[in-house]
Amino acid sequence: MADDHPLEDLLDTATENTPGDKVSVGDLLDMWEDRTFGPVFTLLGLLVVLPPLGAVPGLPLIVGLVLVLFAFQMMVGSTHPWVPQFIADVSVSKKKMRKAHKKAHGVLYAIDSWVTRRLSWVTSQPARQVASGIVMVLALTLIPLEMVPFAVGIPGLAITTIGLAILARDGVLMLLALGLSLAAFGVVGAALLA
């Protein structure tokens, strides 16, 4: 898979390189190879960042627990997340994926224009395992922060950024994500002490 446009390439590859008229979750996980956890973290992080989803009661708890499950798998060295077969079999039509790609093209292109492969040592396997430990702690903070309006946005943004850094193999973005993580831990501390 090319690294010039990591987000757009994901959708292109999903619609063009999978057999049949549908793309399953299992197909997507196989396609991302050693970067599989990146898109998973990105998508789950976005669920608590994007309004009004982050304010839906119970969603940060569910997302936090699912993230802990995936982050633990990556932290112990797995390069491919395990999901139950019924989740792996969930699929969407290629027609819908092309439609979503067309709608999101401008946003994806804008993000891809500043995300690129650089400082690869920061996204090496050992570094990704450390990052997954950080994701795990951030995911756990989503649970108590659910009670504070919109507080889940900062750890959610850090998780999303870590995921995007893994996907794009962008070490500069990973360093930014680690800075966001420190800010998120500060917010958590302030919110819990208030």
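Before reading on, note that the structure itself is shown above.
Each chain carries its own residue numbering, running from 1 in the direction its sequence is written. Note on the predicted model: pLDDT of at least 70 is required for a residue's local features to be given, and 80 or more for side-chain atom pairs to be given and counted; whole-chain, interface and lining totals, by contrast, use all residues. The side-chain quantities take in all heavy atoms of the structure and omit both hydrogens and water.

## Looking at the overall build of the protein chain
Consideration 1: The helix and strand tally for the protein chain stands at 9 helices and 2 strands.
Consideration 2: Helix numbering and strand numbering both begin at the N terminus, where a helix is a DSSP run of H or I of at least 4 residues and a strand a DSSP run of E of at least 2. Order of helices (α) and strands (β) in the protein chain, N terminus to C terminus: α-β-α-α-α-α-β-α-α-α-α.
Consideration 3: For the radius of gyration, the atom set is restricted to C-alpha positions; the globular benchmark scales as 2.2 Å times the number of residues to the power 0.38. For the protein chain, whose C-alpha radius of gyration is 16 Å, the value lies close to the compact-globule estimate of 16 Å for 194 residues.
Consideration 4: The principal-axis extents of the C-alpha atoms in the protein chain amount to approximately 55 × 35 × 35 Å.
Consideration 5: Between buried and exposed lies partly exposed: a residue is buried under 20% and exposed over 50% of the maximum accessible area for its type, with that area taken using a 1.4 Å probe on protein chains only. Within the span of the protein chain, comprising 194 residues, buried residues form 45% of the whole.
Consideration 6: When checking whether two residues touch, look at their non-hydrogen atoms; a contact exists if any pair is within 4.5 Å. Considering only contacts within the protein chain whose residues lie at least 6 apart along the sequence, 76% involve residues at least 24 apart.
Consideration 7: Only the protein chains shown count as cover for residues, and all accessible areas are computed by the Shrake-Rupley method using a 1.4 Å probe. Of the roughly 9900 Å² of accessible surface on the protein chain, a fraction of 71% belongs to carbon and sulfur atoms.
Consideration 8: Note on charges: Lys and Arg go in the positive column, Asp and Glu in the negative column, and His and the chain ends are not counted at all. A charged residue contributes its charge at one atom only: NZ of Lys, CZ of Arg, CG of Asp or CD of Glu. Between the averaged position of the 13 positive side-chain charges in the protein chain and that of its 15 negative side-chain charges there is a distance of 6 Å.

## Notes on helix α8 (residues 153-168)
Consideration 1: Counted at 1.5 Å a residue, the expected span for α8 with its 16 residues is 22 Å, and the 22 Å between its end C-alpha atoms agrees.
Consideration 2: Here α8 lies mainly inside the structure; 14 of its 16 residues are buried.
Consideration 3: Positive backbone phi, at 55°, marks Arg-169, one or two positions downstream of α8. Expected helix span is computed as 1.5 Å times (number of residues minus one).

## A few points about the packing of aromatic side chains
Consideration 1: Any pair of Phe, Tyr and Trp rings, taking the six-membered ring for Trp, is counted once the centres come within 6.5 Å. Such a pair is stacked with planes under 30 degrees apart, edge-to-face with planes over 60 apart, and tilted for the rest. Scanning the model with the defined rule gives 1 aromatic pair in all.
Consideration 2: Ring plane angle 40° and centroid distance 6.0 Å describe the contact between Phe-37 and Phe-41, whose orientation is recorded as tilted. Pair noted here: Phe-37 and Phe-41 are both in helix α3 (residues 37-49), with a separation of 4 residues, about one helical turn. The two residues Phe-37 and Phe-41 agree in class, both being buried.

## Focus on the environment of Ser-113
Consideration 1: Looking at the element boundaries, Ser-113 is found in helix α6 (residues 94-114).
Consideration 2: Along the backbone, Ser-113 and Thr-13 are 100 residues apart, and their C-alpha atoms lie at a distance of 19 Å.

## Overview of the packing of helix α7 (residues 125-145) against α8
Consideration 1: Angles shown run from 0 to 180 degrees and are taken between the N-to-C directions of axes, each axis being a line fitted to C-alpha atoms and, for helices, limited to the stretch in contact. The contact between α7 and α8 brings their axes to 9 Å, and the two run at 155°. Our classification of the angle between α7 and α8 gives roughly antiparallel. Read as a crossing pair, α7 and α8 show a hand that is left-handed. Two secondary-structure elements touch here, α7 through Arg-128, Ala-131, Ile-134, Val-135, Leu-138, Ala-139, Thr-141, Leu-142 and Leu-145 and α8 through Pro-155, Gly-156, Ala-158, Ile-159, Ile-162 and Ile-166.
Consideration 2: Basically, the charged four are Asp, Glu, Lys and Arg, the nonpolar ten are Ala, Val, Leu, Ile, Met, Phe, Trp, Tyr, Cys and Pro, and anything else, Gly included, counts as polar. Grouping the amino acids of the contact of α7 with α8 by side-chain chemistry returns 12 nonpolar, 2 polar and 1 charged. Roughly parallel here means an angle under 35 degrees, roughly antiparallel means over 145, roughly perpendicular means 65 to 115, and every remaining angle is called oblique. Rotating anticlockwise by less than a right angle from the far helix to the near helix defines a left-handed crossing, while the corresponding clockwise rotation defines a right-handed one.

Nothing here speaks to function; it is geometry throughout.
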